[in-house]
Amino acid sequence: MKPVVAPFPAARFRRARKSPAMRALIRENTLSVSDLIWPVFVRDGVDVEEPIDSMPGVSRRSVDRIALAAREAAELGIPAICLFPYIDASLKTEDCAGAWDPDNLVNRAIRAVKDAVPEIAVMTDVALDPYNINGHDGFVVDGEIINDATVEALVKMTLAQADAGADIIGPSDMMDGRIGAMRSALEAAGHQNVLILSYAAKFSSAFYGPFRDAVGASGALTGDKNTYQMDPANSNEALRLIERDLNEGADMVMIKPGMPYLDICRQVKDTFGAPTYAYQVSGEYAMIRAAAQNGWIDGDKVMLESLMAFRRAGCDGVLTYFALDVARAING
Ligand code: PBG
């Protein structure tokens, strides 16, 4: 594409900006409620909604409250929610067996949502960190996060979630070979219509801090995740990972975090044309909320601007803790 620009004054770009009507006609991208996936935190108990200090406006909800939240999201037109469990420290183990328990918190929440709100798509997270005594996404043996045994456990976790009714499986663990293993296990188990949204390009990021508080993993985490999550300096590697996961059977791919990695989003969309998502992660959310609470920025405007940026960068959708607020703002 070659932009043609007449010399001034034949070209006056401000003509096209002179009124809301002209700006609406000229606008290149749109943000709509159907672009949103809403991440929510599940905890035990009944009728509980507990605020998370590091993420103002976000809470952990008991399963019954998750179903109510899903109803609200569906009524606003949000197509999908994504479930993350808060597991009490006393229940974390070295073998992470809670992760594939058919009756664990997430699997109960999937069933509750599918019962109460069948029209909303339910996405899950696949990684061992909420269940792991040391906070890592994989098994730790002699200080090493081991790959292949972790993949076997993740496959069990995937099947339990699919059995419970999950529509979209979201592997966030960054082990090698997991997408292929999950895809063939899903096919063999008769779950051929379960989608995989791979966290394909997931960077080892300090922007996940508030999330780790939210799921109770910050206290548990020993060391960092640098041997499995990506180096923030790399973009060629991100493209190779996306290609690898698409070849192994991912239906949709994700870049994470979001705003600091919009260059990766654009490259991924241009290179593969696959359904592409970004995760506006907890630290991005917390920064906007904190500045807004201090009166330093207009929180609603920054929220909408930040989400439009993902669309401009080529994303088909965004996982965002702002989903409900955005939907309300868009619906008026
Ligand atoms: C865990 C997981 C993380 C997030 C989603 N799944 C944190 C991590 O990798 O440590 C981060 C989400 C956020 O920060 O909002 N596998």
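Look up: the structure comes first, before these words.
Definitions and limits used
- Residues numbered from 1 in each chain as written.
- Predicted model: local features only at pLDDT ≥ 70, side-chain atom pairs only at ≥ 80, totals over all residues.
- Heavy atoms only, no water.
- Salt bridge = Lys/Arg side-chain N within 4 Å of Asp/Glu carboxyl O.
- Buried < 20%, exposed > 50% of the residue type's maximum accessible area, 1.4 Å probe, protein only.
- Helix = DSSP H or I, 4+ residues; strand = E, 2+ residues; numbered from the N terminus.
- Near = heavy atom within 4 Å.
- Polar contact = N/O pair within 3.5 Å; in protein donor to acceptor, adjacent residues only side chain to side chain.
- Areas by Shrake-Rupley, 256 points an atom, 1.4 Å probe, with all protein chains shown as cover.
- Nonpolar A, V, L, I, M, F, W, Y, C, P; charged D, E, K, R; others polar.
- Arc of directions from axis to C-beta.
- Contact = heavy atoms within 4.5 Å.

(A) Structural context of the pattern of salt bridges. Applying the stated criterion across every chain yields a total of 24 salt bridges. For Glu50, the salt bridge identified is with Arg43, shortest N-O distance 3.0 Å. Taking the relative accessible area as the measure of exposure, Glu50 reaches 24% and is therefore partly exposed. The shortest N-O distance in the salt bridge between Asp176 and Arg244 comes to 2.9 Å. Here Asp176, found in the loop between strand E8 (168-171) and helix H5 (178-188), pairs with Arg244, found in helix H7 (residues 236-248); they are 68 residues apart in sequence, far enough to count as distant.

(B) Inspection of the site of the ligand at higher detail. Taken together, the neighbourhood of the ligand is formed by 17 residues, with Lys202, Arg212, Lys256, Ser282 and Tyr321 sitting nearest. The separation between a nitrogen atom of the ligand and a polar side-chain atom of Asp125 is 3.5 Å. In the complex, the protein chains occlude 100% of the 400 Å² of accessible area that the ligand would expose alone. Residue composition of the shell around the ligand, grouped by class: 7 nonpolar, 3 polar and 7 charged.

(C) View of helix H8 (residues 262-272). Within H8, burial applies to Leu262, Ile264, Cys265 and Val268. For H8, the arc enclosing every buried residue in end-on projection is 155°, short of the 170-degree limit, so these residues lie on one face. Looking at the buried residues of H8, the elements they touch are H7, strand E10 (252-256), strand E11 (276-280) and helix H10 (299-312). Following H8 by one or two positions, Gly273 has its phi on the positive side, about 65°.

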